[in-house]
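# Understanding the architecture of this molecule
Below are the chains, spelled out letter by letter.
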Amino acid sequence: MSVKQTLRLRAMLLGFGAVTRAQAWRGDPLARIISAPPGTDPYPVYEDARALGDLSRSKLGLYVTASHRVGDAILRDPRFGVNTRAALMDMKVLLRDSRGRRPIHPVDDSFIAIDPPLHTRLRRTVAPWFTPRALRDLTPVVEKVVTEFLDELDGRADWELIHDFAARIPIRIICEMFGIASVDYDRFTRWGAVLGPTLDGVRSVRELRNVRETLVDVEAFFVDLVERRRRAPGDDLVSNVIRAHDGAPDLAREDLLATIELLMLAGYETTLNLIGNAGMVLLTNQQARERIIAEPDIAPNLVEEVLRWDSSVQYTVRAATEPVTVEGVDIPEGTMVVVLLAGANRDPQVFPDPARLDLDRPNSRDHLSFSSGIHYCVGAGLARLEAATAMRLLFQRFPHLRISGPVVRLPSRNIRGAIRVPVTPGN
Ligand code: HEM
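Residues numbered from 1 in each chain as written. Predicted model: local features only at pLDDT ≥ 70, side-chain atom pairs only at ≥ 80, totals over all residues. Heavy atoms only, no water.

## Observations regarding the coordination of the iron atom of the ligand
Stated formally: Donor selection uses N, O and S atoms within 2.8 Å of the metal (3.2 Å for Na, K and Ca). Since no water is included, sites may look incomplete. Under the scheme used here, helices are H or I runs from DSSP no shorter than 4 residues and strands are E runs no shorter than 2 residues, and both carry numbers assigned from the N terminus.
For the iron atom of the ligand, the protein contributes exactly one donor atom, Cys-377 (SG), at 2.3 Å. By the element assignment, Cys-377 lies in the loop between helix H17 (341–344) and helix H18 (380–397).

## Considering the packing of aromatic side chains
Spelled out, the test is: The criterion for an aromatic pair is that two Phe, Tyr or Trp rings (for Trp, the six-membered ring) have centres within 6.5 Å, with stacked assigned to planes under 30 degrees apart, edge-to-face to planes over 60 apart and tilted to the rest. Between buried and exposed lies partly exposed: a residue is buried under 20% and exposed over 50% of the maximum accessible area for its type, with that area taken using a 1.4 Å probe on protein chains only.
Taken as a whole, this structure holds 11 aromatic pairs when the rule is applied. When the centroid spacing of 5.6 Å and the interplanar angle of 90 degrees are considered together, the rings of Tyr-43 and Tyr-46 count as edge-to-face. Placement of both Tyr-43 and Tyr-46 in helix H3 (residues 43–51) is noted, with a separation of three residues, approximately one turn of the helix. Both residues of the pair, Tyr-43 and Tyr-46, count as buried. Relative to Phe-222, the ring of Phe-178 has its centre 6.4 Å away and its plane inclined at 85 degrees; by these criteria the two rings are edge-to-face. Taken together, the residues Phe-178 in helix H9 (residues 168–178) and Phe-222 in helix H11 (residues 205–231) connect sequence positions 44 residues apart.

## Concerning unusual backbone geometry
Residue Pro-117 follows Pro-116 across a cis peptide bond; omega there is 10 degrees. Mapped onto the elements of the fold, Pro-117 is located in the loop between helix H5 (91–94) and helix H6 (118–126).

## Looking at the packing of H11 against helix H13 (residues 253–266)
For any two helices packed against each other, one specifies the crossing angle of their axes together with the interaxial distance. We count it as follows: For helices, the axis comes from a line fit to the C-alpha atoms of the stretch in contact; other axes are also lines fit to C-alpha atoms, and the angle between any two N-to-C directions lies between 0 and 180 degrees. Throughout, the term roughly parallel applies to angles under 35 degrees, roughly antiparallel to angles over 145, roughly perpendicular to angles from 65 to 115, and oblique to all others. The contact criterion used is simple: two residues touch if any of their non-hydrogen atoms lie within 4.5 Å. Under the convention adopted here, Pro, Cys and the residues Ala, Val, Leu, Ile, Met, Phe, Trp and Tyr are nonpolar, Asp, Glu, Lys and Arg are charged, and Gly plus all remaining residues are polar.
Closest axis-to-axis distance for the H11/H13 pair is 10 Å, and the angle between their directions is 110 degrees. Relative to H13, the element H11 is oriented roughly perpendicular. In this structure, H11 uses Val-218, Glu-219, Phe-222, Val-223, Val-226 and Arg-230 to contact H13, whose residues at the interface are Arg-253, Leu-256, Leu-257, Ile-260, Glu-261, Met-264 and Leu-265. Looking at the contact of H11 with H13, its residues break down into nine nonpolar, no polar and four charged.

## Section: the site of the ligand
We apply this condition: Nearness is judged by heavy atoms alone; a residue qualifies as near a molecule or strand once a single heavy atom is within 4 Å of it. For the purposes of these results, a polar contact is taken to be a pair of N or O atoms within 3.5 Å, where, inside protein, one atom must be able to donate a hydrogen and its partner to accept one; residues adjacent in sequence count only when each atom of the pair is a side-chain atom.
By nearness alone, 28 residues border the ligand, and His-119, Thr-316, Ser-371, His-375 and Cys-377 come closest of all. His-119 is positioned such that a nitrogen or oxygen atom in its side chain is 2.6 Å from an oxygen atom of the ligand. When grouped by side-chain class, the residues that make up the shell around the ligand number 16 nonpolar, 10 polar and two charged.

## Notes on the pairing of strand S5 (residues 316–320)
Worth spelling out the cut-off: The pairing criterion for strands is at least two bridges between them, as found by DSSP.
Bridge analysis of strand S3 (residues 80–81) against S5 gives two bridges, and the strand direction is antiparallel. Residue pairing in the sheet places Gly-81 in a bridge with Ala-319 of S5. Sheet analysis places S5 next to strand S8 (residues 336–339), joined by four bridges and oriented antiparallel. Its bridge partner being in S8, Arg-318 is matched across the sheet by Val-337.

Laid out in structure tokens, this is it:
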């Protein structure tokens, strides 16, 4: 980054921080969400946002909804697109070096951030790997992997739920799907730790440099993997995504890399925190723990209710692609709407007594944690499978597992979870 770019970014960050803090002080819910210390309880602010109406305008110029009905409708509305970054701080611009080159960004360059028709084509290249049938075939693999990790933990007096267990599952499973035999967990964990929090936006020049360096490493790793699979194709997910791209020569090389990087990273921080959040529920809620031990088949309900009650992804953003009127509110073209997914999940209109964790809630699955509409999470079924298997087998193996030290929360606002949950098997 040139000196001029660095100075401009510093000025922008300072300006944005000052405006946000001032509006937060005046009570603006969106400004309060953005400027809250990462990791603090966000649910009271979502309630305040809902109290302002189903769709309200923030002083920051964006609209906000914590209503399930309105959030769901916006996510399904083709007049809203995902091309939102340009209006905030455009990572694609920020990541450029002094010669204008930049690494691929797994979120901003991939189909999660692309509108149809290209979105539809790129999503189709991966969708067959996440069908119910594909997941049935994967079930024994997930069970084997989780059992293997539990075998390694068996006999240890103390361990840590996130690093030693939750994080390893999504990394290992996606590596199995990619055909990567020897898994460097520390490398993927490092990448996730740098890139996950940037869903909140970058907060400093140093953080941006760190993100840039990490993305260069990520790209080098996947360029090499793609080259190896081209030389010796197999039946793995990467080889098949390459085949799909080769059959459509107008798709760019960058689209292929971004798609593969997205699969690796979109499924990592999200799923590890779902497993962590579900684990923390069972470690702190005696009734829920007794249920899962007595009725292990309740694991999918538990996972669904944890997704609703404390989602690992808290919000997403859309921008109006044309002037739109929603709930009588005129939204100008290009204006962004923040959909508070975790706020919608506690909308009392849809979920009675929403702050209560209820494993028998009949409609937990109506949560918006995997979004809605055309960008509905491709990996939702895989995440559900991994988390339910993890909880079922963890508490069968360690029914007396308990927290043995201070829990450290993740320093992020959009991704919610913990980075450290020390545990001991107890007796
Ligand atoms: C608890 C775990 C997960 C959560 C909470 C989650 C959440 C989400 C959300 C909210 C979106 C849509 C964002 C938006 O609408 O703006 C999304 C999209 C996506 N997710 Fe997930 N995800 C999880 C796990 C996974 C896994 C395991 C994978 C794959 C290995 C995955 C791959 C994707 C992909 C490829 C998209 C883009 C879909 C599209 O744009 O059409 N996710 N996810």
